[in-house]
Amino acid sequence: MKRLEVSLPGLKMKNPIMPASGCFGFGREYAGLYDLSVLGAAAIKAATVEARFGNPTPRVAETHSGMLNAIGLQNPGVDQIMEKELPFLKSYDLPIVANIAGSTEEDYCEVAEKMSSHPQVSVLELNISCPNVKEGGIQFGTDARTAAALTKRVKAVSSKPVYVKLSPNVANIAEMAIAVEEAGADGISMINTLLGMRIDLKTRKPILANKTGGLSGPAIKPVAIRMIHEVSQAVSIPIIGMGGVSCAEDVIEFMLAGASAVAVGTANFVDPFICPDIISQLPELLEKMNVSHIRELIGGSWRECEVPSLSR
Amino acid sequence: MKRLEVSLPGLKMKNPIMPASGCFGFGREYAGLYDLSVLGAAAIKAATVEARFGNPTPRVAETHSGMLNAIGLQNPGVDQIMEKELPFLKSYDLPIVANIAGSTEEDYCEVAEKMSSHPQVSVLELNISCPNVKEGGIQFGTDARTAAALTKRVKAVSSKPVYVKLSPNVANIAEMAIAVEEAGADGISMINTLLGMRIDLKTRKPILANKTGGLSGPAIKPVAIRMIHEVSQAVSIPIIGMGGVSCAEDVIEFMLAGASAVAVGTANFVDPFICPDIISQLPELLEKMNVSHIRELIGGSWRECEVPSLSR
Amino acid sequence: MKKELVEVVSQKEIARHIFELKVQGNVVNEMTSPGQFVHIRVTDTFQPLLRRPISICDVDLESRTLTMLYRKEGTGTALLSQKKEGEKIDLLGPLGNGFPLDELSQGQTALLVGGGIGVPPLYYLAKKLCSQGINVISVLGFQSGDDGFYSEKFAELGEAYVSTVDGSQGTKGFVTDVIKNKDLHYDLLYSCGPTVMLKALELQVPAANGFFSLEERMGCGIGACFACVCHVNGGLPSDYVKVCSDGPVFPIGEVVL
Amino acid sequence: MKKELVEVVSQKEIARHIFELKVQGNVVNEMTSPGQFVHIRVTDTFQPLLRRPISICDVDLESRTLTMLYRKEGTGTALLSQKKEGEKIDLLGPLGNGFPLDELSQGQTALLVGGGIGVPPLYYLAKKLCSQGINVISVLGFQSGDDGFYSEKFAELGEAYVSTVDGSQGTKGFVTDVIKNKDLHYDLLYSCGPTVMLKALELQVPAANGFFSLEERMGCGIGACFACVCHVNGGLPSDYVKVCSDGPVFPIGEVVL
Ligand SMILES: Cc1cc2nc3c(=O)[nH]c(=O)nc-3n(C[C@H](O)[C@H](O)[C@H](O)COP(=O)(O)OP(=O)(O)OC[C@H]3O[C@@H](n4cnc5c(N)ncnc54)[C@H](O)[C@@H]3O)c2cc1C
Ligand SMILES: Cc1cc2nc3c(=O)[nH]c(=O)nc-3n(C[C@H](O)[C@H](O)[C@H](O)COP(=O)(O)OP(=O)(O)OC[C@H]3O[C@@H](n4cnc5c(N)ncnc54)[C@H](O)[C@@H]3O)c2cc1C
Ligand SMILES: Cc1cc2nc3c(=O)[nH]c(=O)nc-3n(C[C@H](O)[C@H](O)[C@H](O)COP(=O)(O)O)c2cc1C
Ligand SMILES: Cc1cc2nc3c(=O)[nH]c(=O)nc-3n(C[C@H](O)[C@H](O)[C@H](O)COP(=O)(O)O)c2cc1C
Ligand code: FES
Ligand code: FES
């Protein structure tokens, strides 16, 4: 199984697969379905300083090959998460990516400082791209200077590597990535959801109580691939890629685009066993592609490299 | 059929449906399939000053509920279009939306001046959002000041109303819309395609020769709806809405979001009869929704208005 | 909880747009609690993307057969209605917590109130309660006679009343009208149906003891995505329950409707 | 050109991943020109979204039956391969321009060279030419014997040779090896297959007279989207032809391969 191992700052992963933040809760539910230790890592639901209920329901709506969500960062607050949720995951051999959010820089820093001090947390994922909250979230994620400033402050208080999670709702994603790299980010997570809406013909109002929501799932995969392809050539820190991944082939596509690890979000709802299934299918796929180690694929779509002629 | 009529600057339409630019060529092919006079209007393929071949092939790739294209504004040039293509459409009762593009402001102005002088052209659609060309296109479409400056110059030389076609690849679409409205735009067309990419696992390279392409089709509908909902509340000029429309219900959803007319793009490839089919289905749908005139729906998702209780 | 490709045993339209679907599989062995639901993937493409929650309506453990009743509404249920005998369906379940069965003793009376497509889970409940010697009174509300189903089946298990909005079957009006008009008495109330109906029930008998089964749009169906939360009566603003994993059945009054 | 829901008459796998699909419909009456293609919608959802271009392989005007041969490759053809007798398929066609049939007179010889899934349109062509009294020599190239199909059917119409890359059937090597080794002579060349094969043919007999059928990724399939263009030999850089509506058949040498 060594052939699937990948190493990113703060993350030594058995394989490049992790569930994406917000699609895995704090792991309890999936722990009832399979052994979490098979995962490369796991990103847990966003933590904020205070406990949050989030947005009113309905919070999800379906779209063509995708879904909208407007959860609104519901979570029991950073203290509860550290005390009540993380200990449950202790029995697994599972690096934890702690997703953090807030309304102000101070909020983010408080959560970052606390979370990064937790021995079970491997790295932080700075969520500057949640489209579903009025304050914080996406406003930090659409302006490069604001994002860089926040990254710098969070880095200063964090004792663990910091991955910045970028929003796709920008004109120039590379500019955002370069800004947070220069501000000290150890890695990049991308992409968060695209802002979207659906309207109900019967009520004539948006389906989501929050009106807009974040679009995720296979529908957004081409946008994710494009952005990762661009950003991986613009920065030298590694990328955790995500956005519509739903099979082993998608994982390869993301790594060829430039991702060093891959997160699976919405697909967990379609098939709760998707992560272990993908992990177990990867070796065979590598075999078929004549790839001895999955690392070789990273950035393969733009790196000059030999493609074994067998697999052309 | 009066119940489907809509009126926009320069466009008196029998119904709100038009094929979208680039998905209808110059009408010849569809004219072989149905009577083009049933259409509310038709947007023809982008015109540039010079004849263009566009990008190398492959130029299309399929995605989940969508497709990527990187045609690259292939067209025979504005003069040829006016001399050879437009006359063919003369026999139809069909307002023509002439999509115009260019690499420089001067190019745009030249095409705008010529095209708007053509008696068959009802309005111009200023394409500042083509993601598939190196110069022009999207660069004008992601910066509000540049877009406004171009709009002003084009308006100055154009003898017909000008609709500005916005790119969804921006952080703040309302800002773009307001900028072009202030610069004199008579209407807005939205959305053009989202920038995307797919990678071929066999060659390990992007499927499209141009690497990136524009994502269209049902996959992007929620993004289009969200943006139209936002922009229609931010400006007072009308919107031609598009992005994934593929059935009569979608048309209603776009109009409720705030569109005054609706363009159908990719769906023409899936079903070449989609435009006349939608048009013929609309009256029954309005009946079911208890709507006496389609105009009543425009902006219905955010306007305070009575929803007939029957249709709740 | 299991994920299994179960086999379609039969499918038929038993009322206007109402389908009765029977499937067979080992996972059915786990379906002992009425009020639980299953989460169904209706296609192997991503269109539609999400699973569809459908209640357990009846279970035959011996033949490992699950009966579901559903209304053909949108894309998902339309696709489901096309599944034919012998085809496989990807089913996840049983999910959530069902109706408690130990709150009544033999000889006591349960009132089961179902509205529209909220009726199905009550059937398995009625059977279970009957088998425990509990008297079951059922009140089923539909839009019209054409939309009604299973009333004879409920009648086999005890007193059963029907109300229809247009009066084409049973009492004209709502389930609350039946309860009032027939002056029904009971020890425990079980109900499933549209939120408006549950609210009306709460208003009619503010002190009623019993359980409501709720509906909410779902993502994961297993408690991981926070899509299906409700506020808790008398709790903090940040307190919540998840319909999918804490519910869908809750004690009356616990959850803000 | 028509859009019609045609009915599946039969579907069978005739070689490894190669399916023979027969459909029936009125639109078949228009399919008189070999080399034309149809554009097929394999699902009524949007997954996959685009139609799939498939060549006309054979036509029986009397029974209004169209035969197609296709290789199960990706999502679209996989779904197509699941269509069963009696099911309907949304078909648009016939599209494009086929092989000219009036370039040869009775007694002259046509060489038909097909590679892999380029073979199908040549079969209808061979039949048409034969019926006009033209001698047909066919050379069919496949990866291996397991991938080969229809060679006996071509043999019924004239001399027929097979080449396989692994030598498991016929000549080991490529179609060009057959033409050289057997020293084949002909008046006109018709070919359809991978671009590398067409290029090799062009190199082998630079002065060859005849027609190539090309493949390109398509959007609309009817000439409206500019997805499928090719450069024109000796034309301006902005000159082009569309494979879907100007082709797929072009005189050898006209188009930049
Ligand atoms: C716990 C539970 C049990 C249920 N049991 C039954 C049952 O036994 N029989 C039955 O007919 N229906 C039942 N429903 C409702 C059923 O899930 C919806 O009717 C169904 O999901 C509609 O899917 P669709 O594709 O037809 O509609 P669409 O409108 O295409 O669905 C779009 C999206 O909205 C969701 N959605 C739409 N309506 C509802 C709804 N009422 N509740 C929750 N999500 C919805 C869908 O799941 C999907 O994600 C139950 C719902 C829940 C939550
Ligand atoms: C004029 C013409 C005639 C053809 N005739 C035949 C035939 O008779 N039998 C046969 O087996 N195949 C034929 N093909 C090729 C056939 O269209 C593709 O194999 C098929 O579209 C692949 O679809 P898929 O869903 O299996 O693959 P996917 O990889 O899922 O397809 C993805 C997208 O790429 C396109 N695509 C993939 N491969 C090709 C290709 N080789 N050519 C054009 N588009 C492609 C698909 O249409 C689709 O839009 C023909 C192609 C053309 C252009
Ligand atoms: C229901 C839901 C909740 C989410 N919550 C979070 C979150 O709390 N923090 C975060 O950074 N991203 C969150 N996301 C975004 C995902 O982590 C991921 O970036 C996005 O969904 C794209 O991946 P996918 O298409 O595989 O789902 C959420 C997504 C969904 C669907
Ligand atoms: C093949 C293709 C070519 C296009 N060419 C143009 C163009 O020339 N000018 C333009 O403004 N938009 C062009 N577009 C964008 C469409 O007009 C439309 O804005 C977009 O596709 C979204 O609508 P849809 O999802 O209905 O296709 C093109 C789209 C496609 C798919
Ligand atoms: S549906 Fe995901 S938590 Fe209930
Ligand atoms: S496929 Fe659209 S022009 Fe040929």
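For clarity, every value in this text was computed on a predicted model and none was experimentally measured.

Engineer: Help me out: how do you make sense of the site of ligand 3 in this one?
Structural biologist: Residue and element names in this part refer to chain A. Lining the immediate surroundings of ligand 3 are 22 residues, of which Ser21, Lys165, Gly217, Gly244 and Thr266 lie closest. Taking Ala46, its main chain carries an N or O atom lying 3.4 Å from an oxygen atom of ligand 3. Protein burial of ligand 3: of its 590 Å² of free accessible surface, 98% is covered by the chains. Residue composition of the shell around ligand 3, grouped by class: 7 nonpolar, 13 polar and 2 charged.

Engineer: Would you mind going over the relation of the copies chain B and chain A with me for this structure?
Structural biologist: Each of the two chain copies can be brought onto the other by rotation about an axis and movement along it. After a rotation of 180° and a shift along the axis of 0.0 Å, chain B superposes on chain A with an RMSD of 0.0 Å. Given the turn and translation reported, the copies of this chain are related as if by a two-fold rotation axis. Most of the interface of chain B is mirrored in chain A: 100% of its interface residues are interface residues there too.

Engineer: Got a minute to help me understand the site of ligand 1 in this structure?
Structural biologist: Of all residues adjacent to ligand 1, which total 21 residues, the nearest are Pro53(C), Gly74(C), Gly76(C), Thr77(C) and Ile117(C). Taken together, the residues near ligand 1 originate from chains A and C. Interatomic distance of 2.6 Å between a backbone N/O atom of Pro53(C) and an oxygen atom of ligand 1. Protein contacts shield 86% of the accessible area of ligand 1, which totals 830 Å² for the unbound molecule.

Engineer: Looking at this structure, how should I read the UniProt feature "binding site: FAD" (unreviewed entry) in chain C?
Structural biologist: Under the UniProt annotation, "binding site: FAD" (unreviewed entry) lies at Arg52(C), Pro53(C), Ile54(C), Ser55(C), Leu69(C), Tyr70(C), Arg71(C), Gly76(C) and Thr77(C). Considering the arrangement of structural elements, one finds Arg52(C) in strand E4 (residues 52-55). Contacts of Arg52(C), omitting those with residues within four sequence positions, involve Glu62(A), Val38(C), His39(C), Ile40(C), Val42(C) and Gly76(C). By the secondary structure assignment, Arg71(C) is in strand E6 (residues 65-71).

Engineer: Quick question: what am I supposed to make of unusual backbone geometry here?
Structural biologist: Working note: non-glycine residues mostly have negative phi, and peptide bonds are mostly trans. All names here are of chain C. Residue Pro94 is reached from Gly93 by a cis peptide bond, and omega for that bond is -10°. The residue after Gly247, namely Pro248, is reached through a cis peptide bond having omega 5°. Mapping Pro248 onto the fold places it in the loop between strand E15 (240-242) and strand E16 (249-251).

Engineer: How should the UniProt feature "domain: FAD-binding FR-type" (unreviewed entry) in chain C be read in this particular structure?
Structural biologist: The UniProt entry lists residues 1-101 of chain C under the feature "domain: FAD-binding FR-type" (unreviewed entry), expressed in the numbering used here. Structurally, residues 1-101 of chain C comprises 6% helix and 48% strand, and the distance from its first C-alpha atom to its last is 20 Å.

Engineer: Where do I start with the interface of chain B and chain A in this structure?
Structural biologist: Each side of the interface is counted separately: chain B has 47 residues, and chain A has 47 residues. Buried area between chain B and chain A, both sides added, is near 4,000 Å², and the carbon and sulfur share of it is 63%. Contact with chain A buries surface across chain B, with Leu201(B), Arg204(B) and Arg226(B) losing the most and accounting together for 19% of the total. The interface formed by chain B and chain A holds 2 salt bridges in total. Between Arg198(A) and Glu253(B) there is a salt bridge; the shortest N-O distance is 3.7 Å. Elements with a minimum of two residues in the side of chain B that touches chain A: strand E11 (194-197), strand E12 (212-216), helix H7 (221-234) and helix H8 (248-257) of chain B.

Engineer: Can you help me understand the sheet that holds strand E2 (residues 18-24) of chain C in this one?
Structural biologist: Within a sheet, each strand pairs with its neighbour through backbone hydrogen bonds, oriented either parallel or antiparallel. Residues and elements named next belong to chain C. If you trace the 7 strands from one edge of the open sheet to the other, you get E4-E3-E7-E1-E2-E6-E5, paired in antiparallel fashion. Looking at the sheet topology across the chains shown, the edges are occupied by E4 and strand E5 (58-60). With strand direction ignored, the average angle separating the axes of adjacent strands in the sheet is 35°. Bridge count between E5 and E6: 3 bridges; the pairing is antiparallel. Counted as the bridge partner of Val59 is Leu66 from E6. Sitting on the sheet, helix H2 (residues 120-131) touches E4, E5 and E6, and the angle it makes with E5 is about 50°.

Engineer: Just to check I follow, could you spell out helix H3 (residues 105-117) of chain A for this structure?
Structural biologist: Think of an α-helix as 3.6 residues a turn; residues three or four steps apart then line up on the same face. Between its first and last C-alpha, H3(A) extends 18 Å over 13 residues, near the 18 Å set by a 1.5 Å rise per residue. Turning to H3(A), its buried residues are Glu105(A), Asp107(A), Tyr108(A), Cys109(A), Val111(A), Ala112(A), Met115(A) and Ser116(A).

Engineer: Would you mind showing me how to read the UniProt feature "binding site: FMN" (unreviewed entry) in chain A here?
Structural biologist: Residue and element names in this part refer to chain A. The UniProt record marks Ser21, Lys45, Ala46, Asn99, Asn127, Lys165, Ile191, Gly217, Gly243, Gly244, Gly265 and Thr266 with the feature "binding site: FMN" (unreviewed entry), using the residue numbering of this structure. Here Lys165 lies in strand E9 (residues 162-165). The contact partners of Lys165, leaving out residues within four places of it in the chain, are Ser21, Asn99, Glu125, Leu126, Asn127, Ile128, Ser129, Ser189, Ile191, Asn192 and Met242. Relative to the elements of secondary structure, Gly244 occurs in the loop between strand E13 (239-241) and helix H8 (248-257). In this structure Gly244 touches Gly217, Pro218, Ile220, Lys221 and Asp250, once residues within four positions along its chain are discounted.

Engineer: Looking at this structure, how should I read the sheet that holds strand E8 (residues 121-127) of chain A?
Structural biologist: All names here are of chain A. Spatially, 8 strands are ordered E3-E14-E13-E10-E9-E8-E7-E4 in an open sheet, and the strand pairing comes out parallel. Edge strands, defined here as strands with exactly one partner in the open sheet, are strand E3 (17-19) and strand E4 (42-47). Direction aside, neighbouring strands of the sheet carry axes that sit 30° apart on average. The strands that H3 touches are E4, strand E7 (96-100) and E8; relative to E8, the one it contacts most, it runs at about 165°.

Engineer: When you look at helix H5 (residues 195-204) of chain D in this model, what are you seeing that I'm missing?
Structural biologist: All names here are of chain D. Residues of H5 that are buried: Met197, Leu198 and Leu201. End-on, the buried residues of H5 take up no more than an arc of 100°, which puts them together on one face. Facing away from the buried surface of H5 by more than 90 degrees, the exposed residues are Val196 and Leu203. On its buried side, H5 packs onto strand E8 (109-115), helix H4 (175-181), strand E12 (188-192) and strand E13 (210-213).

Engineer: Looking at this structure, I do not really get the pairing of strand E6 (residues 65-71) of chain D. What am I missing?
Structural biologist: For a regular strand, the rule is simple: side chains alternate between the two faces of the sheet. Residues and elements named next belong to chain D. Most of E6 sits out of view: 6 of its 7 residues are buried. Summarising the sheet, strand E2 (residues 18-24) and E6 pair through 7 bridges and their orientation is antiparallel. Counterpart to Leu21 in the pairing with E6 is Met68. Count of turn residues in the strand E5 (residues 58-60)/E6 antiparallel hairpin: 4 residues, of which Arg64 carries a positive phi of about 50°.

Engineer: When you look at the pairing of E2(D) in this model, what are you seeing that I'm missing?
Structural biologist: Judged by how many residues are buried, E2(D) sits mostly within the fold: 5 of 7 residues are covered. The turn linking strand E1 (residues 2-15) of chain D back onto E2(D) is made up of 2 residues, and His17(D) within it adopts a positive phi angle of 65°.

Basis of the calculations
- By convention here, each chain's residues receive numbers from 1 onward along its written sequence.
- Here the convention is simple: chains get letters from A, ligands get numbers from 1, in the order in which they are written.
- Local features in a predicted model are, by the rule used here, given only for residues with pLDDT of at least 70; side-chain atom pairs are given and counted only at 80 or more, and totals for whole chains, interfaces and linings are based on all residues.
- Working from all heavy atoms in the structure, the side-chain values ignore hydrogens and water.
- Throughout, near means a residue has at least one heavy atom within 4 Å of the molecule or strand.
- Distance and chemistry together define a polar contact, namely a pair of N or O atoms within 3.5 Å, with one atom able to donate a hydrogen and the other to accept it when in protein, and with adjacent residues in sequence counting only for side-chain atoms on both sides.
- Where accessible areas are quoted, they stem from the Shrake-Rupley method and a 1.4 Å probe; at the residue level, only the protein chains shown are allowed to cover.
- Under the scheme applied here, ten amino acids are nonpolar (Ala, Val, Leu, Ile, Met, Phe, Trp, Tyr, Cys and Pro), four are charged (Asp, Glu, Lys and Arg), and all others, including Gly, are polar.
- The copies were overlaid with a least-squares fit restricted to C-alpha atoms from residues scoring a pLDDT of at least 70 in each copy.
- Every residue pair with non-hydrogen atoms within 4.5 Å of one another is taken to be in contact.
- UniProt positions are given in the numbering used here, feature names are shortened, and annotations may be inferred rather than shown by experiment.
- Helix and strand definitions here come from DSSP, where helices need a minimum of 4 consecutive H or I residues and strands a minimum of 2 consecutive E residues; each element is numbered from the N-terminal end.
- When two components associate, each loses some accessible surface as probed by a 1.4 Å sphere; the sum of these losses over both components is called the buried area.
- In the sections that follow, a salt bridge refers to a side-chain nitrogen of Lys or Arg positioned within 4 Å of a carboxyl oxygen of Asp or Glu.
- We call two strands paired when DSSP finds no fewer than two bridges between them.
- Axes, fitted as lines to C-alpha atoms, cover a helix only where it is in contact. Angles between the N-to-C directions of the axes lie from 0 to 180 degrees.
- Helix span, as expected, comes to 1.5 Å for every residue beyond the first.
- Burial classification: accessible surface area is computed with a 1.4 Å probe over protein chains only, and a residue below 20% of its type maximum counts as buried, one above 50% as exposed, and the rest as partly exposed.
- When we speak of the arc, we mean the arc of directions from the helix axis to the C-beta atoms.

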